[in-house]
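# Observations on the three-dimensional arrangement
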Amino acid sequence: MPAVSKGDGMRGLAVFISDIRNCKSKEAEIKRINKELANIRSKFKGDKALDGYSKKKYVCKLLFIFLLGHDIDFGHMEAVNLLSSNRYTEKQIGYLFISVLVNSNSELIRLINNAIKNDLASRNPTFMGLALHCIANVGSREMAEAFAGEIPKILVAGDTMDSVKQSAALCLLRLYRTSPDLVPMGDWTSRVVHLLNDQHLGVVTAATSLITTLAQKNPEEFKTSVSLAVSRLSRIVTSASTDLQDYTYYFVPAPWLSVKLLRLLQCYPPPDPAVRGRLTECLETILNKAQEPPKSKKVQHSNAKNAVLFEAISLIIHHDSEPNLLVRACNQLGQFLQHRETNLRYLALESMCTLASSEFSHEAVKTHIETVINALKTERDVSVRQRAVDLLYAMCDRSNAQQIVAEMLSYLETADYSIREEIVLKVAILAEKYAVDYTWYVDTILNLIRIAGDYVSEEVWYRVIQIVINRDDVQGYAAKTVFEALQAPACHENLVKVGGYILGEFGNLIAGDPRSSPLIQFNLLHSKFHLCSVPTRALLLSTYIKFVNLFPEVKTTIQDVLRSDSQLKNADVELQQRAVEYLRLSTVASTDILATVLEEMPPFPERESSILAKLKKKKGPSTVTDLEEAKRERSADVNGGPEPAPASAVSTPSPSADLLGLGAAPPAPAGPPPSSGGLLVDVFSDSPSAVAPLAPGSEDNFARFVCKNNGVLFENQLLQIGLKSEFRQNLGRMFIFYGNKTSTQFLNFTPTLICSDDLQTNLSLQTKPVDPTVDGGAQVQQVVNIECVSDFTEAPVLNIQFRYGGTFQNVSVKLPITLNKFFQPTEMASQDFFQRWKQLSSPQQEVQNIFKAKHPMDTEITKAKIIGFGSALLEDVDPNPANFVGAGIIHTKTTQIGCLLRLEPNLQAQMYRLTLRTSKETVSQRLCELLSEQF
Amino acid sequence: MQFMLLFSRQGKLRLQKWYVPLSDKEKKKITRELVQTVLARKPKMCSFLEWRDLKIVYKRYASLYFCCAIEDQDNELITLEIIHRYVELLDKYFGSVCELDIIFNFEKAYFILDEFLLGGEVQETSKKNVLKAIEQADLLQENSPSIVLNYCR
């Protein structure tokens, strides 16, 4: 079949290409190329001026050579010369060369920009098109500097040809992507939005891309595009398949434009009710069409139709506000899960992952569990199986965790190597998160190590140890299970690590059984010793010294092992040192000292599972957010379940502590294991939807609540927040009332309590989510249960996010939970007061503040404030009757702190002197700060 | 779209179009990696795969692979049809396009692509309008004899 080279062919070029193709070897090709390069160089340098055609031909050859993968370091000037040719074809080749071989040579850029400028001004649409294509292809900063001001004008000018408008729109888009700072918004923006109404669908298509990109960064400027986009979309989806002529693609009307319009709408929240109704109709029509019999058997028809459908589903998920549409979308995807087209199965699995995180459709997604499990077993393409794993992970909750984890484990046996590590992480996270019964958790992790030991990263086995140490109900079981697992003749080194660590801590729990007596435990571990790597051996040595403490009867056996040459003279410094030190320790230390030094590890502080952190790092945070987290963002449910899984106590990710470091025990929080969970989730730390800065006046309102418990905390035109609270000893309960002052519903209403890491450890807050819808004029109530664990300084922040009439509202206020709320007043006589006052006389215990009165100095008000502050007001104690003294005890979970205070007014100077004496410096400091603000 | 690559079953790159600024070194590395990955896939596998933080959409037409890299929020299926529409445009212009047409007339393949996609976005989806633009350009060329090359062996 002869191929016709249209237009003007370049015979020389064709011959050259044929030559290259005929080269038998790479060397021959290079030789031919070098010959050609030498030829072109001599032509360019020659005395004879080249005509346009020759110049074009040679430039084209250079381009071909470059595209073959060779470097080109000349010819740029000749290409630039072609730009100013009047012959279209020469100009075109010149621009192509520049587009492909950009050179940042400043002299050249100036010449290129000059040529472009001339072509843009030529009013010849084909020349303008070429120039715009070149700018869009190069998209450099220099070009943005030169043309970012000019292109918007071309775009919105009334007399610009349609094809030039299209190029101008996408050219501007490219410049905005590379140099957004050089493309200022201006008068042209509103006119660009109206291009959505243009008669030419090609113009609308190009403009929609531009508007979408601009709207992502400047939503306010482009918000009028929403209603225009909806009406355009509506016209397209309701049109007959022939209406749009050449813009209909395999019986689907304008699929590219539809997808882009749906994408644009995803830059915004659901529109106002009127527009919203129309949009819902569009989305329903698209869903209905999916059920109609296909108009063509061609795959292009089904692809184009489903491209629009998937984009519509993305929009439905993005809005996440129409349960009806979400469930329909889910059902549609459910059908695709069993489609014969692999592509559709892949996309359905992917799309369902996001649906699983919507509370409206989570349950609907779960009904497809069997199909997804089946996909995991039968799909022949690993990328589809990977999607199935992702979806199982996303749809997992307490109800199906056992089934999903079991399926993932069995898949792991045959899984592709490329995705094993990720599956291991996912199984470990799910097992921890949804463990009702921790024996199941321990079994699951040991199975993980058995099936895929090589893919079990340190984070995973560190974590199982952390959990076993923190939960005493599972320690005996864990010891028994690892003991049994270690019986296997060949077990993975990771199992030896876990086994060694756990038996070293809790081997005593199973030592009563003669089948797992201390000596048997020791021999079992030691039989693995020589097969292990140095770090594992080091860990086992630590286990041995722990055994010396746990089981005095094996002490001599262990000392013999430590004393052997292979230990004491081991070439590895770490092993040698451990052997020497442990041996010495076991010899010189008394039982008491041994017991103290080798005591059971204290509980680990709760923090984000390091496994989750690792998965996030691997996959990017967005892919790991699941329903739980989404729910948490939605409400102030701060993992206040009766069975809080440690993983849900999220705080800032921190690298896992070295569990092997015997010398430095990890810092343990005071008090019992924090299985009640560090509360208050900082889910916003790496989330883009940030918390609003504190509302103005929040500080003042906060101060007003220091001495009282009830009142209005915040009020604006939409929302009123009222508080009622009561405190007793170290506990408290706060009722928060959210009043909707408008006549319109608030949607997605989500109050969230935010505490810093510091605060979380000292103050525990528990609450339940509130209804996400607040009707106009209605009031909803939220109860916060408060426990003061230890003294604290900061205050929690209450962040409220909701949608009101299509706009997103975000309010943050400081929640007045202050240390003084946990005061119990103490009455005492003058003598007692001064005796204690003297006892608390060290400089750390006293904090004093001298400050100017902010309010009129009224004795009765001052008395009321001191009582409101929480301490007892002691009459007839201070020799000077003008002074006020108070006493009380701050109750925290861990300790009680006695506090004395004295306030000395100076009426003449309008000043006060406030002195606080408590047994704890931080408490004196904080109480003094709080009380000083009150007068 | 971040870039589009056309390569043969033998792994020879036939056309490359980059819509994001990358160094030549990076471009070569990406090309090598992707050509290898895509060629290793079996015929019945799905047309999409995750690669780095991008989504790859590819389709094979005769001896040529068309391969596009799109971003996370982009639509895979419509990208498949972008590929198909481009193939249709080449087919219509060359009349039953084959790999050799693209080798010998690579500049035309680039010009057609520029009319269809610009800055990584669809500029004009109407086949008629794209071809009209290209044919007008051809008409503008001087009347040098169009040559017939017998290279489709």
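Structure first, text after, so check above.
Note on numbering: residues in each chain are counted from 1, in written sequence order. Working convention: letters from A go to chains and numbers from 1 go to ligands, in the order in which they are written. Local features in this predicted model are restricted to residues of pLDDT 70 or higher, and side-chain atom pairs are both shown and tallied only at a pLDDT of 80 or more, whereas totals for entire chains, interfaces and linings draw on every residue. Where side-chain values are given, they derive from all heavy atoms of the structure, hydrogens and water being excluded.

## Side note on the pairing of strand β4 (residues 711–715) of chain A
Residue and element names in this part refer to chain A. Condition: Any two strands between which DSSP finds at least two bridges are classified as paired. Here a helix means four or more residues in a row that DSSP labels H or I, a strand means two or more in a row labelled E, and each is numbered from the N terminus.
Pairing between β4 and strand β5 (residues 719–728): four bridges, direction antiparallel. Across the sheet, the residue bridging to Gly-711 is Leu-723, located in β5. The antiparallel hairpin formed by β4 and β5 contains three residues in its connecting segment.

## Examining the packing of helix α21 (residues 382–395) of chain A against helix α22 (residues 401–412) of chain A
Residue and element names in this part refer to chain A. Selection criterion: Axis angles are defined between N-to-C directions and span 0 to 180 degrees, where every axis is a line fitted to C-alpha atoms and, for a helix, only to the segment in contact. Working rule for angles: under 35 degrees goes down as roughly parallel, over 145 as roughly antiparallel, 65 to 115 as roughly perpendicular, anything else as oblique. Helix crossings get a hand from a simple test, with the near helix turned counterclockwise from the far one by less than a right angle marking a left-handed crossing and a clockwise turn marking a right-handed one. Should any heavy atoms of two residues lie within 4.5 Å, those residues are counted as being in contact.
Remark: α21 packs on α22, axes separated minimally by 10 Å, with the N-to-C direction vectors making an angle of 155°. With respect to α22, the axis of α21 lies roughly antiparallel. Both α21 and α22 take part in a crossing whose hand is left-handed. Across the interface between the two elements, Arg-385, Val-389, Leu-392, Tyr-393 and Met-395 of α21 pack against Ile-404, Met-408 and Tyr-411 of α22.

## Here we look at the packing of aromatic side chains
Residues and elements named next belong to chain A. Here is the rule we go by: Here a Phe, Tyr or Trp ring, Trp counted by its six-membered ring, pairs with any other such ring whose centre lies within 6.5 Å, and the pair is stacked when the planes are under 30 degrees apart, edge-to-face when over 60, and tilted otherwise. The buried label goes to any residue with under 20% of its type's maximum accessible area, the exposed label to any with over 50%, and the partly exposed label to all in between, with areas taken from a 1.4 Å probe on protein chains only. Only Lys NZ and Arg CZ are tested; either one counts as a charge over a ring when it is within 6 Å of the ring centre and within 35 degrees of the ring normal.
Using the criterion set out here, one finds 31 aromatic pairs over all chains in the structure. When the ring of Phe-746 is compared with that of Tyr-804, the centres are 5.9 Å apart and the planes differ by 85°; the resulting orientation is edge-to-face. A residue pair is termed long-range when its members are at least 10 positions apart, and Phe-746 in strand β7 (residues 746–754) and Tyr-804 in strand β10 (residues 797–804) qualify at 58 residues. Judged by its relative accessible area of 1%, Phe-746 is buried. On the basis of relative accessible area, Tyr-804 is assigned to the partly exposed category, the value being 24%. Among the aromatic residues, those joined into a cluster by ring pairs are Tyr-738, Phe-746, Phe-749, Phe-802 and Tyr-804. We note Lys-426 situated over the ring of Tyr-393; from NZ or CZ to the ring centre the distance is 5.4 Å.

## Points about the sheet that holds β10 of chain A
Residues and elements named next belong to chain A. Spatially, β7-β10-β11 is the arrangement adopted by the three strands of the open sheet, whose pairing is antiparallel. The open sheet terminates on both sides in strands that have one partner only, identified here as β7 and β11 (807–814). For this sheet the average axis-to-axis angle between neighbouring strands, irrespective of direction, equals 15°. Relative to β11, β10 runs antiparallel, the two being bridged by eight bridges. Bridging across to β11, Asn-799 finds its partner in Ser-812.

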